[in-house]
Structure formats: C-alpha cells, structure tokens
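Topology and contacts: notes
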Amino acid sequence: MSQSSSSATVAAPAPADSAPVPALARAPRLPPVWLAQLLIVVLLFAAWEFAVRQGAVSAFLFGSPSGTAQAAWNLIVSGELWVHANYTLWASAAGFVVGTVIGTIPGLALWYSPYGAKVVEPFLVAINSVPKIAFAPLVILWFGTGVISKVALSVSLTAIVALLAAFQAAKDADPDIQRMLVSLGATKRQIFTKVVVPSATPYIISTFRINIGFALVGTVVGEFISSKYGLGHVIFVASSLYDLNTVWVGIFSLMALGFVLYAGVDVAEKRLLRWKDQTYATNFKL
C-alpha cells in the first residue's frame, strides 16, 4: 500500500501549454528622430562638399557648403542677414494673418446663404484659377515699392485659398447634427456657432499650413520685382552676380522662416483645438 501510494504521488508531467515561452525578440532601438534628421542633413552636405572638392560638381554653378557658410557668416557679421530676414518675416506674417482673416470670415459667412454661395462660387473659382503672380506688376504700381506691396501680394495669394477652404469646410458640416438641432428648436446662429464653426476649424487650421508657403511666395516675388530689402532681394541680386553661395544663404534663410511660421501655426492649433481634447476626455471618461 505504501508503495502504491508513493507511486501515486509522483508528479505528472506538465502539460505542453505550461512550457516556458521563449522571450520575444526585442525590436531594434531606433535613434531619436532629431538625431536621424541631423544625420541626413550632415550626410547631404558632406556629399555635396565632397563632390565639389573632387570636381564632380561645379562650385560656380552649384556653390558649396563651405562657401555658403562663409557667405552666411559675412552677412551675419555685417548685420545684413538680420535686416533682410526681418523684412521678409514681418511682411509674410502680416500677409498671412490679414489674408487668412479676410478669407476665412467671408468663407464661413457664405454658409448662411446657400443662394448667395451658388451665385459667387463661379467667380471664386475663376479668381482662384488665375496665377496670383500675374497681379504682381499691378500691385507694385498700386501700392509702390515699399513693404505694403509685399503684404498685398501675400494677401492676394492667401485670402482666396482661405476663403475657399472655409467655404468648403462649412458646407461639409455634418447635416444630420444640423437637422437634429433644427428639430430641437435651435436657431441658425446657434447651429453656426455650435456645429459649423467647430467642425470647420480643423480644416481651416490645415489651410494655415498651406498659406504659410503662399505668404512667403507673395513676399519674395514682390522683393524680386522691386525692393531694397528682403531675402528675395538678396537672392535676386546674388543670382544676377552668379554668387551661388549667397543665393543658398537666402534659400536656407527662407526655410528657417518657414519653420518659424509653422511653429506659430502649431501654437495656434493647440489653443484653438483645445476643445477637441477636452471633448474626447469627457466623452470617454470611465
């Protein structure tokens, strides 16, 4: 009896399911995003400089990173780069803000009158189809060669884009919610403020990012045509003298201004769309 009971107490083999599972292979650790971006830039400039030094690329036609750095340093030391960059930055920012405001408000307002929207829509499409750069000589004649003409050119490019984007976003506001609010007795103004504007805001802010480029284009074109200041003026004069290194300084400076304006749009987006995060947190709060 003791023998059988002892044999009965022998542990049974563990089931196959309880066998230890091998640890999953860890995903390779990637470097930080900023480090990868910096590495790409360094490699591009290193390849460019190497090609110039080896004679594979003409420094006269393409410039060189070392020559561009020297030209940038000369402009920084003399203070010219700050003067020209500030001129372009403020003209572009003013054109961006004014054009976005005077385009967005009428675009949203067209929602109030479907009949009026149908009347003006072909005219808006016709104006949008014309390259705004064609208006540059007229704008220079009307507003002179000062900063006002640069702002006006930026406004001409940004306003129509903002208007069409706001108009389309307002038209696409959820019709089911609007009908529900009408059945509950909501006024047209309440529907506009509670449904149309909030639903259109993300699309309008997306248009901000597009308009940054248009604002810079309008300012730089105005500086090309007639100006004593601005990065467009720097690029135009340097290209006429075949000074490609200074041309690259102007181009890279415009890129930097674009990043500054994009940062401003990001701040505006976080402030204007804060309600989305709050609504999400409220609706899905456990």
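Residues numbered from 1 in each chain as written. Predicted model: local features only at pLDDT ≥ 70, side-chain atom pairs only at ≥ 80, totals over all residues. Heavy atoms only, no water.

For the protein, an unreviewed UniProt entry supplies the name ABC transporter permease and the organism Bordetella genomosp. 1. For the record of the protein, the UniProt heading Sequence similarities (unreviewed entry) holds the text "Belongs to the binding-protein-dependent transport system permease family." Word for word, the UniProt comment on the protein under Subcellular location (unreviewed entry) is "Cell membrane". (UniProt positions renumbered as here; feature names shortened; annotations may be inferred.)

Once that is clear, we can look at the packing of aromatic side chains. Applying the stated rule across the entire model yields 11 aromatic pairs. Plain terms: the ring middles of Trp-111 and Tyr-112 are 5.4 Å apart, the flat faces sit at 80 degrees to each other, and that makes the pair edge-to-face. According to the relative accessible area criterion, Trp-111 is buried, its value standing at 14%. Judged by centre distance (5.6 Å) and plane angle (35 degrees), the rings of Trp-111 and Phe-192 are tilted. In this pair, Trp-111 is assigned in the loop between helix 5 (80-109) and helix 6 (114-129) and Phe-192 in helix 10 (residues 188-225), connecting sequence segments 81 residues apart. By the burial criterion, Trp-111 is buried, and Phe-192 matches it. (Phe/Tyr/Trp six-rings, centres within 6.5 Å; stacked < 30°, edge-to-face > 60°. Buried < 20%, exposed > 50% of the residue type's maximum accessible area, 1.4 Å probe, protein only. Helix = DSSP H or I, 4+ residues; strand = E, 2+ residues; numbered from the N terminus.)

Before going further, it helps to spend a moment on helix 11 (residues 231-240). Of the positions making up helix 11, those classed as buried are Leu-231, Gly-232, Val-234, Ile-235 and Ala-238. Mapping the buried residues of helix 11 onto a view down its axis gives an arc of 160 degrees, with all of them on the same face. The secondary structure elements touched by the buried residues of helix 11 are helix 5, helix 10 and helix 12 (244-272). Immediately beyond the C-terminal end of helix 11, within one or two residues, lies Tyr-242, with a positive phi of roughly 60 degrees. (Arc of directions from axis to C-beta. Contact = heavy atoms within 4.5 Å.)

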